Every structure is written in structure tokens, then in C-alpha cells.
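Descriptive analysis of the structure
Now for the letters of each chain:
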Amino acid sequence: MATQRVPALQFPSQPSLQQIPGSFQQALKRGWTIVKEETTTNTRGSKRKGVVLLQLKGASMRLRVPYTATTEEWKFGTPEEVE
């Protein structure tokens, strides 16, 4: 009776801490997508603060990116791993 080797199942690899992008823009370029966004505005409506959650397709790890937006600019914080 002959035996055959069956290839092991391959699952999408989880990003390691070394692969976490250093900025929101880098994350988008590497294929991370926005899965959730939460925001609050001040009473005058001139400033928004919020958080964007990013995830790679097929990976369970998520990144949290805080941001502040005004009428002139958007500022994004450094992505952090969310468990």
C-alpha cells in the first residue's frame, strides 16, 4: 500500500509586531482596510476626534488609529494593535 503526502493547510499569516505599519497612510498602502470608525465633534462642530479600526483581510489582528480633524487638516496617530 503506497502512502502519499498531503500538503498542510495554509492559513493567512498574522502580521507580527514588526510588520505593524508606522502610520495610517502606510497601513492603507499595505492593504489594511477600515472596518469601523467612531467620532465625536465639539459643540461648535469645528473639530472632530475619533478612532479608526483597521484590519487585513483574513487576519484577526486589528489596528486602532486615533485621529483629529479640523476644517484645514486631518492628523492621524500611530497605529496600535488591538486584541
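Up top you'll find the structure we're talking about.
This report concerns the structure included in the present document. (Residues numbered from 1 in each chain as written. Predicted model: local features only at pLDDT ≥ 70, side-chain atom pairs only at ≥ 80, totals over all residues. Heavy atoms only, no water.)

**A few points about the overall build of the protein chain**
The helix and strand tally for the protein chain stands at one helix and five strands. Seen in sequence order, the protein chain has helices and strands lined up from the N terminus as α-β-β-β-β-β. Out of the 83 residues in the protein chain, the part that is buried amounts to 23%. (Helix = DSSP H or I, 4+ residues; strand = E, 2+ residues; numbered from the N terminus. Buried < 20%, exposed > 50% of the residue type's maximum accessible area, 1.4 Å probe, protein only.)

**Remarks on the pattern of salt bridges**
Taken as a whole and assessed by the stated rule, the structure comprises four salt bridges. The salt bridge partner of Lys75 is Glu73, with a shortest N-O separation of 3.7 Å. Taking the relative accessible area as the measure of exposure, Glu73 reaches 40% and is therefore partly exposed. (Salt bridge = Lys/Arg side-chain N within 4 Å of Asp/Glu carboxyl O.)

**Topic: the packing of aromatic side chains**
In this structure the tally under the stated criterion is four aromatic pairs. For the ring pair Phe24 and Phe76, a centre distance of 4.1 Å and an interplane angle of 10 degrees mean the geometry is stacked. Of this pair, Phe24 sits in helix 1 (residues 24-29) while Phe76 sits in strand 4 (residues 74-76), and the two are 52 residues apart along the sequence. Using a relative accessible area of 9% as the deciding quantity, one classes Phe24 as buried. Here the aromatic rings of Trp74 and Phe76 are separated by 6.1 Å at their centres, their planes lie at 15 degrees, and the arrangement is stacked. (Phe/Tyr/Trp six-rings, centres within 6.5 Å; stacked < 30°, edge-to-face > 60°.)

**Details of the nonpolar core**
In this structure, Ile20, Phe24, Ala27, Trp32, Val52, Leu54, Met61, Leu63, Val65, Tyr67 and Ala69 together form the largest nonpolar core, which totals 11 residues. Elements supplying a minimum of two residues to this core: helix 1, strand 2 (47-55) and strand 3 (62-70). With four residues, strand 3 is the largest single contributor of residues to this core. The contact partners of Tyr67, leaving out residues within four places of it in the chain, are Glu37, Glu38, Thr39, Arg48, Lys49, Gly50, Val51, Val52, Trp74, Lys75 and Phe76. (Core = buried A, V, L, I, M, F, W, Y, C linked by side-chain atoms within 4.5 Å. Contact = heavy atoms within 4.5 Å.)

**Some words on the environment of Val52**
Topologically, Val52 is positioned in strand 2. Distance from Val52 to Glu38, taken between C-alpha atoms, is 6.6 Å for residues 14 residues apart in sequence.

**Points about the pairing of strand 3**
The two faces of strand 3 differ: Leu63, Val65, Tyr67 and Ala69 on one face are buried, but Arg62, Arg64, Pro66, Thr68 and Thr70 on the other face are not. Bridging between strand 2 and strand 3 involves nine bridges; their strand directions are antiparallel. Residue pairing for strand 3: Lys49 is matched across the bridge by Thr68. The antiparallel hairpin formed by strand 2 and strand 3 contains six residues in its connecting segment, where Gly58 sits at a positive phi of about 85 degrees. With three bridges joining them, strand 3 and strand 5 (residues 80-82) adopt antiparallel strand pairing. In the strand pairing of strand 5, Leu63 is matched with Glu81. Bridge analysis of strand 3 against strand 4 gives three bridges, and the strand direction is antiparallel. Among the inter-strand pairings, Tyr67 is bridged to a residue of strand 4, identified as Phe76. Where strand 3 folds back onto strand 4 in an antiparallel hairpin, the turn is made up of three residues. (Pairing = 2+ DSSP bridges.)

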